[in-house]
Amino acid sequence: MKKIAIAGSTGYLGKFLVEHLIESKTEGIALARNTKKLAAFNSKNLQKIKAEFTQPESLNGIFNGVDTVISTVGITRQKDGLTYMDVDYHANKNLLTEARNAGVRKFIYVSVLNGQNMRQLKICDAKERFVDELKNSGIEYTIIRPSGFFSDMKDFLDMAKGGRVYLFGDGNKKLNPIHGADLAKVCFSAINTADKEIEVGGPEILSHNEIAEMALRASGKKIKIVHLPDFLQKASIGFVRTFFSQKTYGPIEFFLTALDFDMVAPQFGTHKLNDFFSVSVQ
């Protein structure tokens, strides 16, 4: 396999991508704002490069000799004065421009399942604007659309640690979140696929009720699930938009909106959510 560049290598998925790259003995580079966070990764085939993705001048020449770029660049919680548009759109656009200038063959971008149906959310709008940019770039591409990361399920676990989990409606909406190690395999398999978009989820399709019960058991709590009326979901979204800053309400808005969908994608992988919860509470 030719040289691979991983942008966003210090995030939840990025670290699993770097691990997979090393295990497969593939030549590659890991790009990060803070390369000290990559201290645990050492391989003669891995080069660590500091880059500020929001600053195009810092990217000059970084993709020379690179065959494929895999970008997981994005922010869950806005900080450092940066917005979703700054990072999820403009930073990825900067990476794409540099990739095209360097003659990179393929660009793989990790977005979100149903993102195109949630463009009213600032985080999804920024991601999908970049998806549009990538589709029109002329470069070979694959867009990965995971149904949700295991790390996203910590919202259930955080509630469970308090003794009860709050759900909207009957809690029967379903999803199949995927572990980072499994998703990394999907990203690497996309390097040589002709598929333009890949929707993917984990091996278990679970209802919100089942995830809540799993989180409560992992936390050593009794099963206490509070089902809130559906109208409170929309009211809550309106409330956080009105009374909280964009920095605060972005992830809450996304979580509340995603709860209204069946976020189920083709099943892949071997990792189980209960095991992730058990490790996370230790």
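Presented here is an overview of the structure given in this document. (Residues numbered from 1 in each chain as written. Predicted model: local features only at pLDDT ≥ 70, side-chain atom pairs only at ≥ 80, totals over all residues. Heavy atoms only, no water.)

1. Describing the environment of M85
Applicable threshold: Strands are runs of DSSP state E lasting at least two residues, helices are runs of H or I lasting at least four, and both sets are numbered from the N terminus onward. When a residue's accessible area, from a 1.4 Å probe over protein chains only, is under 20% of the maximum for its type it is buried; when over 50% it is exposed; and in between it is partly exposed. Throughout, a residue-residue contact means that at least one pair of heavy atoms, one from each residue, lies within 4.5 Å.
Of note, M85 is situated in helix 2 (residues 84-101). A relative accessible area of 23% means that M85 is categorised as partly exposed. The spacing of M85 and R129 is 44 residues in sequence and 8.9 Å in space, taken between C-alpha atoms. Not counting chain neighbours up to four residues away, the residues in contact with M85 comprise H90, D125, A126 and R129.

2. Regarding the pattern of salt bridges
Operational definition: Basic side-chain nitrogens of Lys or Arg form a salt bridge, by our definition, when they fall within 4 Å of a carboxyl oxygen of Asp or Glu.
As enumerated under the stated definition, the model contains 14 salt bridges in all. Put simply, E128 and R145 hold a salt bridge, and the shortest N to O gap is 2.9 Å. Here E128 is found in helix 3 (residues 122-135), whereas its partner R145 is found in strand 6 (residues 140-146), with 17 residues between them in sequence. By relative accessible area, R145 is classed as buried at 1%. Here R217 ties to E213 by a salt bridge, and the two come within 3.8 Å at their closest N and O atoms. Of this pair, R217 and E213 both sit in helix 6 (residues 208-218), four residues apart, which is roughly one turn of the helix.

3. Quick word on the sheet that holds strand 1 (residues 4-7)
In sheet architecture, strand pairing relies on hydrogen bonds along the backbone and comes in two forms, parallel and antiparallel. What counts, and what does not: In this scheme, strands are said to pair when DSSP sees at least two bridges between them. Angles here are taken between N-to-C directions and fall from 0 to 180 degrees, while the axes themselves are lines fitted to C-alpha atoms, restricted in helices to the stretch in contact.
Taken in spatial order, the seven strands make up an open sheet running 3-2-1-4-5-6-9, and their pairing is parallel. This sheet does not close on itself; its edge strands, each paired only once, are strand 3 (46-50) and strand 9 (197-200). Across the sheet, the axes of successive neighbouring strands diverge by a mean angle of 15°, strand direction being ignored. Pairing geometry for strand 2 (residues 28-32) and strand 3, over five bridges, is parallel. Directly across from I29, in strand 3, lies its bridge partner Q47. Contacts from helix 2 reach strand 1, strand 4 (68-71) and strand 5 (106-110) within the one sheet, and its direction differs from that of strand 5 by about 165°. The sheet strands contacting helix 3 are strand 5, strand 6 and strand 9, and the helix crosses strand 6 at an angle near 155°.

4. Focus on the packing of helix 6 against helix 9 (residues 273-280)
Quick note on the threshold: If you view the pair so one helix is near and one far, a crossing is left-handed when the near helix is turned anticlockwise from the far one by less than a right angle, and right-handed when it is turned clockwise. Residue type decides the class: Asp, Glu, Lys and Arg count as charged, Ala, Val, Leu, Ile, Met, Phe, Trp, Tyr, Cys and Pro as nonpolar, and the leftover types, Gly among them, as polar.
The contact between helix 6 and helix 9 brings their axes to 9 Å, and the two run at 35°. At the point where helix 6 passes helix 9, the crossing takes the right-handed sense. Residues I211, M214, A215 and A218 of helix 6 lie in contact with helix 9, whose contacting residues are L273, N274, F277 and S278. Per-class residue counts for the contact of helix 6 with helix 9 are six nonpolar, two polar and no charged.

5. So, the pairing of strand 6
For strand 6, a buried count of six out of seven residues is recorded, marking the element as mostly surrounded by other parts of the structure. Relative to strand 6, strand 5 runs parallel, the two sharing five bridges. Looking at the pairing, F107 lines up with Y141 of strand 6. Across four bridges, strand 6 lies against strand 9 in parallel orientation. Bridging across to strand 9, P146 finds its partner in V200.

6. Re helix 2
Quick reminder: α-helices carry 3.6 residues per turn. Residues three or four places apart thus point the same way. This is how the line gets drawn: Residue count minus one, scaled by 1.5 Å, sets the expected span of a helix. Note that bend, as reported per residue, equals the angle between axes fitted to the 7 residues terminating at that residue and the 7 residues originating from it.
Its 18 residues place the ends of helix 2 25 Å apart at the C-alpha level, agreeing with the 26 Å of an ideal helix rising 1.5 Å per residue. Along its length, helix 2 shows its largest kink, about 30°, at H90. Buried within helix 2 we find Y84, V87, D88, Y89, A91, N92, N94, L95, L96, E98 and A99.

7. Let's talk about the side chain of R145
Short version of the rule: Polar contact is the term for a pair of N or O atoms within 3.5 Å; when the atoms are in protein, one must be able to donate a hydrogen and the other to accept it, and sequence-neighboring residues count only if both atoms are side-chain atoms.
A distance of 2.9 Å separates a polar side-chain atom of R145 from the backbone oxygen of V112. A polar atom in the side chain of R145 sits 2.9 Å from the side chain of E128.

8. Re helix 5 (residues 180-189)
By the criterion of burial, helix 5 is predominantly enclosed, with eight of the 10 residues buried. Among all positions in helix 5, only G180, A181, D182, L183, A184, V186, C187 and F188 are buried. In this structure, the buried side of helix 5 is in contact with strand 1, helix 1 (12-23), strand 4, strand 5, strand 6 and strand 9.

9. Considering the nonpolar core
Rule in force here: Within this scheme, the nonpolar core is defined by two criteria: the residues are buried Ala, Val, Leu, Ile, Met, Phe, Trp, Tyr or Cys, and they are joined through side-chain atoms within 4.5 Å.
Counting 59 residues, the largest nonpolar core has F53, F63, F107, L134, L273 and F277 as its most contacted members. Residue contributions to this core peak at seven residues, all from helix 2. Ranked by size, the runner-up nonpolar core spans 28 residues in total, among them L38, I70, I108 and V200.

10. A closer look at unusual backbone geometry
Of note in the backbone geometry, K25 takes a positive phi value of approximately 55° without being a glycine. Tracing the chain through its elements places K25 in the loop between helix 1 and strand 2. For K25, a relative accessible area of 67% puts it in the exposed group. If you check the backbone angles, N114 has positive phi at about 70° while not being a glycine. Within the element layout of this structure, N114 appears in the loop between strand 5 and helix 3. For N114, a relative accessible area of 14% translates into the label buried.

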